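Descriptive structure summary
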Amino acid sequence: MRQSDPAAPQVPLPAAAGYRFAVFVSRFNEAVTGALRAGAEAALREAGAAPADVEIFDVPGAYELPQAARCAAETGRFDAVVCLGCVIRGETPHFDYISSAVAHGVMAASGDTGVPIAFGVLTTDTAAQAEARAGGGRDNKGFEAAAAAIEMAVLVRRLGRPAASRASAPRTFGFEPARGRDR
């Protein structure tokens, strides 16, 4: 079981008031991802995010997280996105393919959109390891992912990106037809 350093100082979360967040939660391994969601919600509450400024969405599994996160980031409605999932190693290489695809997909979505996307996807060898990382308090990886999203949203705005636009017409999730391109 993982233990945090009790001597490490607890760093206060930056203020999240006035920022908008999308949180995507994988339904696969729901007992663990539900605990990650609770941790993320706790961090956002502690930082002062208004409930109306936090939208939570379910996706089927971890593999769908990058596409959902990219769609949310592209709407311009969110200052940061949090991805929460759990992939537990099994007897086949499936774990390796899914874990790698999700990690690369989340990083690409963040880099391509310029919107911070936090990676709160557990990749563990056993269910017990996953449960230990989804426990209560600040060691919960959902809490940590939301804390990172808050910190990055604050940093990105400080560096000059404007707040998420609420006044503009939001783009719907999914694909839109390409305009002005020959295919």
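Keep in mind that this is a model prediction, so the values were computed, not measured. (Residues numbered from 1 in each chain as written. Predicted model: local features only at pLDDT ≥ 70, side-chain atom pairs only at ≥ 80, totals over all residues. Heavy atoms only, no water.)

Our focus in this paragraph is the side chain of N140. Relative to the helices and strands, N140 is located in the loop between helix 4 (127–133) and helix 5 (141–158). Overall, N140 belongs to the buried group, its relative accessible area being 3%. Polar side-chain contacts of N140 include one of 3.0 Å to the backbone oxygen of A35. (Helix = DSSP H or I, 4+ residues; strand = E, 2+ residues; numbered from the N terminus. Buried < 20%, exposed > 50% of the residue type's maximum accessible area, 1.4 Å probe, protein only. Polar contact = N/O pair within 3.5 Å; in protein donor to acceptor, adjacent residues only side chain to side chain.)

Here we take up the packing of helix 1 (residues 30–46) against helix 5. Running from N to C, helix 1 and helix 5 cross one another at 40°; their axes reach a closest spacing of 6 Å. In terms of axis orientation, helix 1 runs oblique to helix 5. Here helix 1 and helix 5 pass one another in a crossing that is right-handed. Between helix 1 and helix 5, the residues in contact are L36, G39, A40, A42, A43, L44 and E46 and K141, G142, F143, A146, A147 and I150, respectively. In terms of residue class, the contact of helix 1 with helix 5 is made up of 9 nonpolar, 2 polar and 2 charged. (Axes fitted to C-alpha atoms, helices over the stretch in contact; angles between N-to-C directions. Parallel < 35°, antiparallel > 145°, perpendicular 65-115°, else oblique. Left-handed = near helix turned anticlockwise from the far one by under 90°. Contact = heavy atoms within 4.5 Å. Nonpolar A, V, L, I, M, F, W, Y, C, P; charged D, E, K, R; others polar.)

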